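Examination of the molecular architecture
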Amino acid sequence: MDRRTLIRAAIEVLPRAYVPYSHFHVAAALLCSDGMVYTGINIENAAYTPTVCAERSAFIRAVNEGQRNFDAIVICGGQDGVIADYCPPCGVCRQVMREFCDPDSFRIILARSEEEYKEFTLKELLPMGFGPENLHV
Ligand code: THU
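Residues take numbers from 1 onward in each chain, read along the sequence in its written order. With the structure being a predicted model, the display of local features is reserved for residues of pLDDT at least 70 and the display and counting of side-chain atom pairs for 80 or more, all residues being used for whole-chain, interface and lining totals. Derived side-chain values reflect all non-hydrogen atoms in the structure, with water molecules and hydrogen atoms excluded from consideration.

**A closer look at the overall build of the protein**
Applicable threshold: By the criteria applied, helices consist of DSSP H or I runs no shorter than four residues and strands consist of E runs no shorter than two, each listed in order from the N terminus. What the globule rule says is 2.2 Å times the number of residues to the power 0.38, and the radius of gyration is computed from C-alpha atoms. Partly exposed residues are those whose accessible area sits between 20% and 50% of the maximum for their type, while under 20% is buried and over 50% is exposed, using a 1.4 Å probe and protein chains only. Every accessible area reported is derived by Shrake-Rupley at a probe size of 1.4 Å, with residue values counting cover from the shown protein chains alone. Charge assignment in this entry is limited to Lys and Arg as positive and Asp and Glu as negative, and neither His nor the chain termini are counted. Lys charges are placed at NZ, Arg charges at CZ, Asp charges at CG and Glu charges at CD.
Across its full length, the protein holds four helices and five strands. Listing every helix and strand of the protein by position from the N terminus yields α-β-β-α-β-α-β-β-α. Relative to its length of 137 residues, the protein is compact, with a C-alpha radius of gyration of 14 Å against a globular reference of 14 Å. With the C-alpha coordinates aligned to their principal axes, the bounding extent of the protein is approximately 45 × 35 × 30 Å. Buried residues in the protein amount to 41% of all 137 residues. Accessible surface, the protein as shown: approximately 7,400 Å² in total, 54% of it carbon and sulfur. Of the charged side chains in the protein, 13 are positive and 18 negative, and the gap between their average positions amounts to 1 Å.

**Things to note about the pattern of salt bridges**
Note the cut-off: For salt bridges, the criterion is a side-chain nitrogen of Lys or Arg within 4 Å of an Asp or Glu carboxyl oxygen.
Tallied over the entire structure, the rule returns seven salt bridges. The salt bridge partner of E133 is R98, with a shortest N-O separation of 2.3 Å. One end of the pair, E133, is in the segment after α4 (122-125); the other, R98, is in helix α3 (residues 91-100), and 35 residues separate them in sequence. Looking at E133, the relative accessible area reads 44%, which means it is partly exposed. Between K123 and D104 there is a salt bridge, with the nearest N and O atoms lying 3.4 Å from each other. With K123 in helix α4 and D104 in the loop between α3 and β4 (107-111), this pair connects stretches of sequence that are 19 residues apart. According to the relative accessible area criterion, K123 is partly exposed, its value standing at 44%.

**Brief notes about the side chain of R94**
Quick note on the threshold: Any pair of residues with heavy atoms lying within 4.5 Å of one another is described as a contacting pair.
Residue position: R94 is located in helix α3. The buried charged residue R94 lacks any salt bridge, with E55 as its nearest oppositely charged partner at 7.5 Å. Setting aside its immediate chain neighbours within four residues, R94 contacts P88, P89, L122, L125 and L126.

**Some points on the sheet that holds β4**
Using the following cut-off: By this definition, two strands are paired if DSSP reports at least two bridges between them. Axes here mean lines fitted to C-alpha atoms, for a helix over just the part in contact, with angles spanning 0 to 180 degrees between N-to-C directions.
Taking strand neighbours across the sheet as the criterion, the five strands line up as β2-β1-β3-β4-β5 in an open arrangement whose pairing is mixed. The strands lining the two open edges of the sheet, one partner per strand, are β2 (37-41) and β5 (117-121). Put simply, the sheet's adjacent strands are angled 20 degrees from each other on average, direction ignored. Across four bridges, strand β3 (residues 70-79) lies against β4 in parallel orientation. The residue bridging A72 from the neighbouring strand is R107, located in β4. Sitting on the sheet, helix α1 (residues 3-13) is in contact with β1 (24-32), β2, β3, β4 and β5, with an inclination near 140 degrees to β1.

**Here's the deal with the state of the cysteines**
To keep things clear, this is the line we draw: Here, two cysteine sulfur atoms that lie within 2.5 Å of each other are counted as a disulfide.
Under the definition given, this model contains zero disulfides. The closest cysteine sulfur to the non-disulfide-bonded C90 is located on C93, 3.8 Å from its own sulfur. A residue is classified by how much of its surface remains accessible, and C90, at 30% relative accessible area, is partly exposed.

**Examining the nonpolar core**
Spelled out, the test is: Side-chain atoms within 4.5 Å are what join buried Ala, Val, Leu, Ile, Met, Phe, Trp, Tyr and Cys residues into a set we call a nonpolar core.
Counting 23 residues, the largest nonpolar core has I73, M97, F106 and I108 as the members making the most contacts within it. Those elements that place two or more of their residues in this core are β1, α2 (54-64), β3, α3, β4 and α4. Not counting chain neighbours up to four residues away, the residues in contact with M97 comprise E55, F59, I73, I75, P89, F106, I108 and L122. By size, the runner-up hydrophobic cluster in this structure holds 17 residues, among which are V13, V19, A29 and L31.

Given below as C-alpha cells:
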C-alpha cells in the first residue's frame, strides 16, 4: 500500500476523535503485513487517566482481530482537528509498538498531509527499547 493511501485513511477518521477536554484530535492508520488497515482515534475521559491515544486505539482494534504482524503506522493530529504540525507518538504508544513490531523495519509516518510526511523506524524513536525478548532469557 502506498503512503498516500495510508495517510488518507488516518486523515479521514480525524473528525471522529473524542476530545472534549484537550480538543486535540489525533488519528492513526495501522498497516498490517497482510495489507489490512486499522484506524484509531484518541478517546478521552472525564477522569483523564483512562484516555486512550489514537495509536493504541488502532493496535487494540487490530490485535482483537487476530493481527500480530505490522508494517507501518501513520499518525496525524492537531488542535481543534487542524493539522498544523507533525504529531509524534507518546512514550506509552512507542512502547506498545515495541511489543508487536520489529524496531528495525516498522515505519512510523508522521503526516501533515498526503504529500508532506516524515518517516522513522521504531528504533529511531525508541532506541534500546525493552521488548518481549528481554523476558525470554
Ligand atoms: N494523544 C494521542 O492520541 N497520541 C499520542 O501519541 C499523543 C497524545 C492524545 C491524548 C490526548 O487525548 C491528546 O492527544 C492530548 O494529549
